[in-house]
Amino acid sequence: MSNMFSITNIKNRFISVIAPDIPPLPSVPSHQLHRGGPSSNYQLRMVHQQKMPDKFAYARPPFLQLLTIDELRASADHNVRPIIVPRDINLLPWGTGYAECVNSGKSEWNEDQAAFSRQVLSDPTHCHPDLPYTYYGIFDGHAGYGAALAASHQFHHILHEKLVDCIELLLPREEEMANAKPDSGFPHPSQFHRRVYKDELIIGALESAFFNMDALIAQDRDRYRDAGGCTACVALFINGKLFVANAGDSRAVLCQRKSASALDEKHKSSASIVAVNSAENNADTQEIFAVPFSFDHTPETERHRLLTVARLKPHLMEKQYAAMEYAKRPHMKDLGQRILCRQGTMKGWTYKTLTREDLRMPVVTGEGKRSRLLGTLGVTRGFGDHDLLAINTGTQIKPFLTPHPEVVIRDLSKIVSIPDENNEDGDYGILVMATDGLWDVSENEAVARTVFQTLAKYPTEKHRYTMVAQELVARARGKINDSGHWRLADSKAAATVDDISVIVIPVYQYYKEHVEWEKKCAQVLQERRAKVTPSATEACEDETLLVNGVTKAQVEAEHEEDEEEEVVVEVNRQKAQADVEMEENVSDERTQLANITTPTTTSTNEEIAVEKDVKELIENELAAAISALDATESAEYDRKDKTGVV
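Since this is a predicted model, take the numbers as computed values, not measurements.

Thresholds, definitions, all that
Residues numbered from 1 in each chain as written. Predicted model: local features only at pLDDT ≥ 70, side-chain atom pairs only at ≥ 80, totals over all residues. Heavy atoms only, no water. Helix = DSSP H or I, 4+ residues; strand = E, 2+ residues; numbered from the N terminus. Buried < 20%, exposed > 50% of the residue type's maximum accessible area, 1.4 Å probe, protein only. Areas by Shrake-Rupley, 256 points an atom, 1.4 Å probe, with all protein chains shown as cover. Pairing = 2+ DSSP bridges. Arc of directions from axis to C-beta. Contact = heavy atoms within 4.5 Å. pLDDT = per-residue confidence, 0-100. Core = buried A, V, L, I, M, F, W, Y, C linked by side-chain atoms within 4.5 Å. Phe/Tyr/Trp six-rings, centres within 6.5 Å; stacked < 30°, edge-to-face > 60°. Lys NZ or Arg CZ within 6 Å of the ring centre and 35° of its normal. Axes fitted to C-alpha atoms, helices over the stretch in contact; angles between N-to-C directions. Salt bridge = Lys/Arg side-chain N within 4 Å of Asp/Glu carboxyl O. Expected span 1.5 Å × (residues − 1). Parallel < 35°, antiparallel > 145°, perpendicular 65-115°, else oblique. Left-handed = near helix turned anticlockwise from the far one by under 90°. Nonpolar A, V, L, I, M, F, W, Y, C, P; charged D, E, K, R; others polar.

Helix and strand counts for the protein chain come out as 18 helices and 21 strands. Put simply, the protein chain has 646 residues, and 43% of those count as buried. Put simply, the protein chain shows about 35,200 Å² of open surface, and 52% of that area lies on carbon and sulfur atoms.

As defined by bridge partners, strand β11 (residues 338–343) adjoins strand β12 (residues 350–353) across 4 bridges and the pair is classed as antiparallel. Note on β12: the bridge partner recorded for Cys341 is Thr350. Hairpin remark: β11 followed by β12, antiparallel, with 6 residues in the connecting loop; positive phi at Gly344, about 60°.

Residue Glu318 is not a glycine yet carries a positive backbone phi of 50°. Mapped onto the elements, Glu318 comes out in the loop between α10 (303–312) and β9 (321–322). Phi is positive for Lys319, which is not a glycine, with a value near 55°. Turning to its location among the elements, Lys319 is positioned in the loop between α10 and β9.

This part covers α10. Taken together, the buried positions of α10 are occupied by Arg303, Leu306, Leu307, Val309 and Ala310. End-on, the buried residues of α10 take up no more than an arc of 155°, which puts them together on one face. Those residues of α10 that are exposed and angled more than 90 degrees off the buried face are Arg311 and Leu312. On its buried face, α10 sits against β10 (324–326), β14 (364–365) and β15 (372–373).

Attention shifts here to the confidence of the model for the protein chain. Overall, the prediction assigns the protein chain a mean pLDDT of 80, with 70% of residues at 70 or greater. Below a pLDDT of 50 lies the segment residues 271–283, which in the model reaches 28 contacts outside its immediate sequence neighbourhood of four places, other chains included. Ignoring residues within four places in sequence, the model shows residues 543–549, a span with pLDDT below 50, making 6 contacts including any to other chains.

What follows deals with the nonpolar core. Residues Leu121, Phe139, Phe155, Leu159, Leu236 and Phe383 are the most contacted members of the largest nonpolar core, which totals 41 residues. Contributions of two or more residues to this core are made by β2 (112–121), β3 (131–142), α5 (146–165), α6 (167–170), α8 (198–219), β4 (229–238), β5 (241–247) and α15 (507–530). With 9 residues, α8 is the single largest residue contributor to this core. Judged by nonpolar contacts, the second largest core, of 37 residues, contains Ile84, Val102, Leu242 and Met433.

On to the packing of aromatic side chains, then. A full pass over the atoms with the stated rule returns 16 aromatic pairs. When the centroid spacing of 5.9 Å and the interplanar angle of 35° are considered together, the rings of Tyr135 and Phe155 count as tilted. Taken together, the residues span a long stretch of sequence, with Tyr135 in strand β3 and Phe155 in helix α5 at a distance of 20 residues. Residue Tyr135 is classed as buried on the basis of its relative accessible area, which comes to 0%. Positioned over the ring face of Trp486 is Arg81, at 4.9 Å from the centre of the ring.

On to the sheet that holds β11. Within the open sheet, the 3 strands sit side by side as β10-β11-β12. Their pairing is antiparallel. The open sheet has two free edges, formed respectively by β10 and β12, since each of these has just one partner strand. Averaged over all pairs of adjacent strands, the angle between their axes in this sheet comes to 55°, without regard to strand direction. Where β10 lies against β11, 3 bridges are found, and the strand directions are antiparallel. Opposite Tyr326, over in β11, you have Cys341 as the bridge partner.

As a further point, take the environment of Lys162. As for its placement among the helices and strands, Lys162 is situated in helix α5. Since its relative accessible area comes to 21%, Lys162 is described here as partly exposed. Apart from the residues within four sequence positions on either side, Lys162 is in contact with Ala205, Ser208, Ala209 and Asn212.

This part covers the environment of Leu121. Here Leu121 lies in strand β2. Relative accessible area serves as the criterion here: at 1%, Leu121 is assigned to the buried category. Contact partners of Leu121, with chain neighbours within four places excluded, come to Asp130, Leu131, Tyr133, His160, Leu163, Val164, Ile167, Leu170, Leu171 and Ile238.

Along the polypeptide, Ala205 turns up in helix α8. With a relative accessible area of 3%, Ala205 lands in the buried category. Non-local contacts of Ala205, meaning those with residues more than four positions away in its chain, are made with Leu159, Lys162 and Leu163.

Here we come to the pattern of salt bridges. One pass over the full model with this rule turns up 21 salt bridges. Between Arg464 and Asp425 there is a salt bridge, with the nearest N and O atoms lying 3.3 Å from each other. Residue Arg464 is found in helix α14 (residues 464–477), and its partner Asp425 is found in helix α11 (residues 424–428); the two are separated by 39 residues along the sequence. No difference in accessibility class separates Arg464 from Asp425, as the two residues are buried.

Bringing the side chain of His514 into the picture now. Here His514 is to be found in helix α15. Exposure remark for His514: the relative accessible area of 8% places this residue in the buried category. Once you skip the residues sitting within four places of it in the chain, His514 turns out to touch Asn239 and Gly240.

Here Asp436 lies in helix α12 (residues 436–439). Not counting chain neighbours up to four residues away, the residues in contact with Asp436 comprise Asp140, Asp249, Ser250, Lys369 and Asp498.

A few words on α14. The end-to-end C-alpha separation of α14 is 20 Å, in line with the 20 Å expected for 14 residues at 1.5 Å each. α14 sits mainly inside the fold: 10 of its 14 residues count as buried. Positive backbone phi, at 75°, marks Gly478, one or two positions downstream of α14.

Turning our attention to the packing of α5 against α8. Running from amino to carboxyl end, α5 crosses α8 at an angle of 135°, the nearest separation of the two axes being 9 Å. In terms of axis orientation, α5 runs oblique to α8. Crossing handedness for the pair α5 and α8: right-handed. Contact residues: Ala147, Ala150, Ala151, Gln154, Phe155, Ile158, Leu159, Lys162 and Leu163 in α5; Ala205, Leu206, Ser208, Ala209, Phe210, Asn212, Met213, Leu216 and Ile217 in α8. Looking at the contact of α5 with α8, its residues break down into 14 nonpolar, 3 polar and 1 charged.

And the structure:
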């Protein structure tokens, strides 16, 4: 049995050097091998996992159009390491460039993956304009291609669901299109207790999408083959801004170029500035510099977080590791002596007496790219790795890992670019997203310099960004020498032996598209306002107060009362006029009777009877007119009593 242990240890040490990210068969005591301890259960689980199907069949990114198995095998030739670019550059938006290259034999297939998606957030009520967005993602797999392949197929769907969850707060509103402050805090109908901004909603959507993607990979373990793990670097263009979310050691760098006079003091003092001659104007010397838009998550960069986890949850180390960092690796001969160290999250150094427990392996070992978590894994954030165990101890690594991304934002509307200078790519920048196969042998500044040097060679070609991606991959891959080793072309240093995937995104092309979208939204808003008819305006006025709390309906009621009062006045006037006419007629009759003199007494009784009849007729007509006026007046008062008008 001791021979078995020694062979296992030798194999594990060999694996840790050649492929440190592949989970080994951990060494365990003999009684566990016979009685079935936890490590033997792990071995059985791994054997069972290998018999399960893959969730997604191996393939390269769809926009490469590698459709046959022969094309896939040709792209994975470890001796030639061909550089693969899209056959149709129109499949990627804005002329975005992409190129990839397989490793030199580290794994059978290229474990990197890339994806993009263009989506629209639509308002179900059609009250707000649709909001388009574009997503790019690059994923670097380890211990298999399953996790990276799953993320390339599923992450953008999860992200879309998260953005739809807060769609009513993300869609542009009419007051924003009317030159209101677009990023002002806005209340939800249910009234938040805190001010919430759109940027925070988008960051939250990215963060929750990362966690949900990791949880989905965990759920698939019981149905599909072990997916391993992967890093994730995502770029989201939405609402005139760039959001970059990263978890792992893939990287996003914004390459910029500006005239020396336009640089601020921060960039002038930066060591990343490289002076070159502009391709558009050779008379002006411009500066090229790189702006990191992500930060690597390795055991060395995250030492503080990892030691905090180990200190707060010591049971995770299973008495196999120490949450310590030593200035010099201690040995058995140093027991009882004072040794310089720092424990847990200490920033300074102190002395302590070395004990046997201090001889345990530190949680974080090595430096730089050689740093390892529990002596096994070189990245500390990403998706998957749910079944990954530490070499030699079988300790679970996942509790120390997290899918939580760091998010960096760039507001493109605040960038000042002078059209006459023709430097849009320099002002807005070229975003380079790549796996660690590029960054292991290339500095950020060197990549930025290569970007603009290549663009200068292809000033107007449509495929110019594809040529940039191809050049970056070619320089990192290097050339193979007579001994079969890959070396960098500009030096004899070793080239990368890892998979290389590079995305080159012209940021200005997105912003130009966003400006057109804003103009379209403003035009739609103007047309919507112009369609408001007079009848609709009157309907709105009926529901709104006019002056001093008086509505239009109340004004119309007052007009009706005024009309009724005018009718009563007119009736009274007619009655008074009739009275005057009657009195005048009676006076005329009396005058005529008075003018009858004595000589006329000889008139006959017939003439007297006629005069009497005329008088009675006039009196009857006056009486009828007065009765009609009284009846009209009584009817008007009755109607007022019924309507309640005083």
